[in-house]
Every structure is written in C-alpha cells, then in structure tokens.
Amino acid sequence: MTVLEQPGAYRPTPPPAWRPRVDPAPLLPDPEPFRLLGTPAAADIDPGLLTRLYQELVRGRRYNTQATALTKQGRLAVYPSSTGQEACQVAAAMVLQERDWLFPSYRDTLAAVVRGLDPAQALTLLRGDWHSGYDPRSHRIAPLSTPLATQLPHAVGLAHAARLKGDDVVALAMVGDGGTSEGDFHEALNFAAVWQAPVVFLVQNNGFAISVPLAKQTAAPSLAHKAVGYGMPGRLVDGNDAAAVHQVLDEAVRRAREGGGPTLVEAITYRVDAHTNADDATRYRAEAELEAWRAHDPVALVEAELKGRDLMDDEGMEAARQAAEAMAAALREQMNDDPVLEPMELFEHVYAEKTGQLREQAAQLRAELDAESQEGER
C-alpha cells in the first residue's frame, strides 16, 4: 500500500503533484556515448571545423605541458592539467558566441585561452597573484576559482537574468565529475530547469575526483541520467572525440538560445596527468589504464581524420605545432617576469562597499606594511 492509498490520506486534485510533469523518456541519454570520429558520419564533418579543432588541440596540449613545466620551475604554485581532456576544453569555447558566457572550473584554463584569454592571464590565479587576473566582463569568462561547483549557480543566475532582460545570451558551465557530488550542482540544475534558463552544463567525467573513482561517488547509470530528475535532457558523448563534443554542445547551446531550456552533457574522458603537480596518481590507478586511454587520444583522433580525408598534409600539421611552440615561448617569457604586486589591492573588488571586517583587515595589513617599511629604513 502506498502513502496515497492509505485511509484518510491526502489526495490532490488533478493534475497530481506527485506525477511527472513531463514524459521522462525524451530526457534520457542514449545508452552509449555519441561518437563521430572513426564512424561513417565523420565524412560529413566540415573540413574547416576539423582544421580549427586540430589547431586548438595541438596548442592546448602544448599549453598543458608548458604550464606543468612552469610548476617544476617554481613559476606556478600549482597546475591542474587538462591533458587528455583537451577536446572538451576546445569544443566548449568554440561553440559560444561572443555575447555568451563561459563559467570554467579550476581545470578549465585551456577553455579560457581558446575563448580568447591571454595564456599568462589564465594562470594568474594558479600563480597566486592578484584576483582572477583578468576582467570577467570584457572576456565573458567568469573568474577561475578552486571551490568545486560554485560557478554553476552563478551561471544559472546570469543566464536567467539575461533572459529576463531580453538579452540573447547563453551560459556554458563546466564542472568535473567530482563537482557533481557538491550541493551547488544539484541546486543549479534544479533552478535552471524550473526557470528554463538558457544554460548548458558540461560535466567532464575524467574518472576520478582526485583519487576517488566515479563508482564511489554515485550509483547512477551515468551522470547524464541525473538530468531527468530535474526535468532537462541528458546527453552522453565521447569526451575525447572533439567533433562529437562540439556537435552535442552546439545543439545544446542552440536549444538554450531558442528557449528550450538547459541541457546536461556528460563527456566521458580521462585525466592523463595527475590531479595536480602535488598529486601522486600512481597510488590509485594503474599504468595499463593510462595506456588504454592514450590509445584514444583526442589529438590523434582528429589528426587521423584529417589525414584520412587528405584535409591536411605534414606541412600543415607542422605549422600547427610551430604555432603552439610560439605560444609556449611567449608564455615562458611572460612568466619569467616577476609581478609587481600591491598587497592592499587584496581588499579591492571583494564587495561593492567594503564591510567593517574588511576595513579592519585592511587597516591591520597597512599597519604591518608601514612597520616593515620603517624597520627597513633603520
């Protein structure tokens, strides 16, 4: 006997509040991740798109290796590499229009660079300098930050506000599989679906939340299946197939822009490098697992498609690598310059009007700096 069948139970008038508002079937993801590269459908991929994807993937791979090297040189405090996940990063930035907003996680520096942010500015937070290192409004990129999933409710709020104002804006929010275990993830999806906000959620399922495998985070058939519980469609895509990720995200962005509401996209990918340079990934995963994923490398997949269709020769691929090297050289040069920091700027851009506590902290720091200055003059 259910609760509603018990004698004297409350029986709502139609439509019953306990029944689904919509048919759940169309919201469910396909059983297998969507793929394009290596399938007959790949022949229909626009050559110009494939070329741009390849160039950005090559640049992105070099960006990751260069930033990782900078941590070993002491130029960066920490770097969460996205090696192996570049297809998600590149596609996420490329599907957005200039007026749209990107809400990245701390691992999504590459997406910000593809969006147009200076490579060195994208590393400012990870270097420990200043605030976010760039003007979010001018770049339409929310600040990179390390708290998990906090950017998701912000994306929903911005998208909802834009729609209320009549602005044709879509927000794309990126998060890792670990972030889906945070309350912010659930709150964001619920608000987005109820408000039908023009926002797309991209979950990069790279297998681990630091050392915790996905199986210890959720018992759901997939993270994309969580979408149906909130009333939005869930899509499952091969996260190493750049063309497939681009198509799925492009469809989701277009749907959001046309008033269709939010979409949850789960991209199945893999974090080839450690969680950060401070992590020892050998303690929780085997080398054989890494090798299996290296055989499904996002750069190699696009390269094979370009070669197979005679869309790019060795000279074109070498040009892409040289452009990536030039970017890496410029990044090294910028990061070799020690920044000139003003400690008191720490209290700027926190609140529109400083709180009493913030003013107190600022006064305390000012007193300490003045004391150090006087000590140095003696």
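We now turn to the structure provided with this report. (Residues numbered from 1 in each chain as written. Predicted model: local features only at pLDDT ≥ 70, side-chain atom pairs only at ≥ 80, totals over all residues. Heavy atoms only, no water.)

1. Considerations on the packing of aromatic side chains
Now for step 1: Taken as a whole, this structure holds six aromatic pairs when the rule is applied.
Now for step 2: Note on Tyr63 and Tyr79: the rings are 6.5 Å apart at their centroids and 80° apart in plane angle, and the pair reads as edge-to-face. Highlighted residues: Tyr63 in helix H1 (residues 47-72) and Tyr79 in the loop between H1 and helix H2 (86-94), separated in sequence by 16 residues.
Now for step 3: Since its relative accessible area comes to 1%, Tyr63 is described here as buried.
Now for step 4: Ring centres 5.3 Å apart and planes at 55° place the aromatic pair Phe208 and Tyr284 in the tilted group. (Phe/Tyr/Trp six-rings, centres within 6.5 Å; stacked < 30°, edge-to-face > 60°. Helix = DSSP H or I, 4+ residues; strand = E, 2+ residues; numbered from the N terminus. Buried < 20%, exposed > 50% of the residue type's maximum accessible area, 1.4 Å probe, protein only.)

2. A few points about the side chain of Arg271
Now for step 1: For Arg271, the location among the structural elements is in the loop between strand S7 (263-268) and helix H9 (287-294).
Now for step 2: Among the polar contacts listed, one links the side chain of Arg271 to the backbone oxygen of Asp273, at a separation of 3.0 Å.
Now for step 3: Only 2.4 Å separates the side chain of Arg271 from the side chain of Tyr284, close enough to count as a polar contact.
Now for step 4: Residues contacting Arg271, with those up to four places away along its chain left out, are Ser81, Thr83, Gln85, Arg107, Asn206, Phe208, Ile210, Asp279, Ala281, Tyr284 and Arg285. (Polar contact = N/O pair within 3.5 Å; in protein donor to acceptor, adjacent residues only side chain to side chain. Contact = heavy atoms within 4.5 Å.)

3. Structural notes on the pairing of S7
Now for step 1: With five of six residues buried, S7 is to be regarded as a mostly interior element.
Now for step 2: Bridge analysis of strand S3 (residues 199-205) against S7 gives six bridges, and the strand direction is parallel. Note on S7: the bridge partner recorded for Asn205 is Ile268.
Now for step 3: With five bridges joining them, strand S6 (residues 234-238) and S7 adopt parallel strand pairing. Note that in S7 the partner of Asp238 across the bridge is Ile268.
Now for step 4: Read from S6 through helix H8 (residues 242-257) to S7, the crossover connection turns out right-handed. (Pairing = 2+ DSSP bridges. Right-handed = clockwise from strand over helix to strand, strands pointing away.)

4. Focus: helix H6 (residues 151-165)
Now for step 1: With 15 residues, H6 extends 21 Å between its outermost C-alpha atoms, agreeing within 8% with the 21 Å of an ideal straight helix rising 1.5 Å per residue.
Now for step 2: Those residues of H6 lying buried are Gln151, Leu152, Ala155, Val156, Ala159, His160 and Ala162. (Expected span 1.5 Å × (residues − 1).)

5. Quick look at the pattern of salt bridges
Now for step 1: In this structure the tally under the stated criterion is 21 salt bridges.
Now for step 2: In this structure, the salt-bridge partner of Arg61 is Glu86, at a minimum N-O distance of 2.5 Å. Of the two residues, Arg61 sits in helix H1 while Glu86 sits in helix H2, which places them 25 residues apart along the sequence.
Now for step 3: The partner of Arg62 in a salt bridge is Glu325, and the shortest N-O contact between them spans 2.8 Å. A residue pair is termed long-range when its members are at least 10 positions apart, and Arg62 in helix H1 and Glu325 in helix H11 (residues 314-336) qualify at 263 residues.
Now for step 4: Given the relative accessible area of 19%, Arg62 is considered buried.
Now for step 5: Through salt bridges that share partners, Arg99, Asp100, Asp168 and Arg257 make up one connected network. (Salt bridge = Lys/Arg side-chain N within 4 Å of Asp/Glu carboxyl O.)

6. As for the environment of Tyr270
Now for step 1: Mapped onto the fold, Tyr270 is located in the loop between S7 and H9.
Now for step 2: Between the C-alpha atom of Tyr270 and that of Asn205, which follows or precedes it by 65 residues, the distance is 7.1 Å.
Now for step 3: For Tyr270, the contacting residues outside a window of four places in its chain are Thr83, Gly84, Gln85, Asn206, Phe208, Asn240, Arg285, Glu289, Leu290 and Trp293.
Now for step 4: A polar contact is formed between the side chain of Tyr270 and the side chain of Glu289, at a distance of 2.5 Å.

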